[in-house]
Amino acid sequence: MKAKLAAEIRQQLVDQGGAAHRDVVIGRILHRKGLSGPAADRARRALLSAFELHADAAKACGAPHLFALPFGPESHRWALDGTVRPPSTS
């Protein structure tokens, strides 16, 4: 389940050029799925958990490191990890 959610986050970050505020990423995923109310709240928590699982390089759970917090741990800016960042178009 978290792998699927991580793939959705990754695709949304790719669509946003590699980085975006987490509320934008989550909001677009929820909108695409047509979720609102309690279902949206559950999905939001699941997306946050999937991001954390794939952003914490120190975890020894075997999950691939896909995401980063480019402005530090208190930031709400999500980004693709440098190794999975899409190529620059400029």
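Residues numbered from 1 in each chain as written. Predicted model: local features only at pLDDT ≥ 70, side-chain atom pairs only at ≥ 80, totals over all residues. Heavy atoms only, no water.

As enumerated under the stated definition, the model contains 3 salt bridges in all. Its salt-bridge partner being Glu8, residue Arg32 comes within 2.8 Å of it at the nearest N-O pair. Taken together, the residues Arg32 in helix 2 (residues 22-33) and Glu8 in helix 1 (residues 2-15) connect sequence positions 24 residues apart. Residue classification places Arg32 among the exposed positions, given a relative accessible area of 54%. Put simply, Glu8, Arg32 and Lys33 are held in one network by salt bridges that share partners. (Salt bridge = Lys/Arg side-chain N within 4 Å of Asp/Glu carboxyl O. Helix = DSSP H or I, 4+ residues; strand = E, 2+ residues; numbered from the N terminus. Buried < 20%, exposed > 50% of the residue type's maximum accessible area, 1.4 Å probe, protein only.)

Below, the discussion takes up helix 1. Taking 1.5 Å of rise per residue, 14 residues should cover 20 Å, and helix 1 covers 20 Å from first to last C-alpha, within 8% of that figure. Looking at helix 1, one finds that the buried residues are Leu5, Ala6, Glu8, Ile9, Gln12 and Leu13. Buried residues along helix 1 cover an arc of 160° about the axis, so they all sit on one side. Every exposed residue of helix 1 that faces more than 90 degrees away from the buried side is listed here: Ala3 and Lys4. On its buried face, helix 1 is in contact with strand 1 (19-21), helix 2, helix 3 (37-55), strand 2 (67-68) and strand 3 (77-80). Just downstream of helix 1, Gly17 is the residue with a positive phi angle, here 90°. (Expected span 1.5 Å × (residues − 1). Arc of directions from axis to C-beta. Contact = heavy atoms within 4.5 Å.)

A separate point is the pairing of strand 3. Pairing of strand 1 with strand 3 involves 3 bridges; the strand directions are antiparallel. Opposite Ala19, over in strand 3, you have Ala79 as the bridge partner. For strand 2 and strand 3, the ladder comprises 2 bridges, and the chain directions are antiparallel. Residue pairing across strands places Phe67 opposite Leu80, the latter belonging to strand 3. (Pairing = 2+ DSSP bridges.)

So, about the packing of aromatic side chains. Per the stated rule, a full pass over the model turns up 2 aromatic pairs. Between Phe51 and Phe67, the aromatic rings sit 5.2 Å apart at their centres with planes inclined by 15°, giving stacked as the arrangement. Pair noted here: Phe51 is in helix 3 and Phe67 is in strand 2, with a separation of 16 residues, a long-range link. Aromatic side chains Phe51 and Trp78 sit 4.0 Å apart centroid to centroid with 5° between the ring planes, which places their arrangement in the stacked category. Here the residue Phe51 occupies a position in helix 3, and Trp78 occupies one in strand 3, the gap between them amounting to 27 residues. Here Phe51 matches Trp78 in class, with each residue buried. Connected via pairs of aromatic rings, a cluster forms that spans Phe51, Phe67 and Trp78. (Phe/Tyr/Trp six-rings, centres within 6.5 Å; stacked < 30°, edge-to-face > 60°.)

Taken by themselves, the reported measurements are silent on function.
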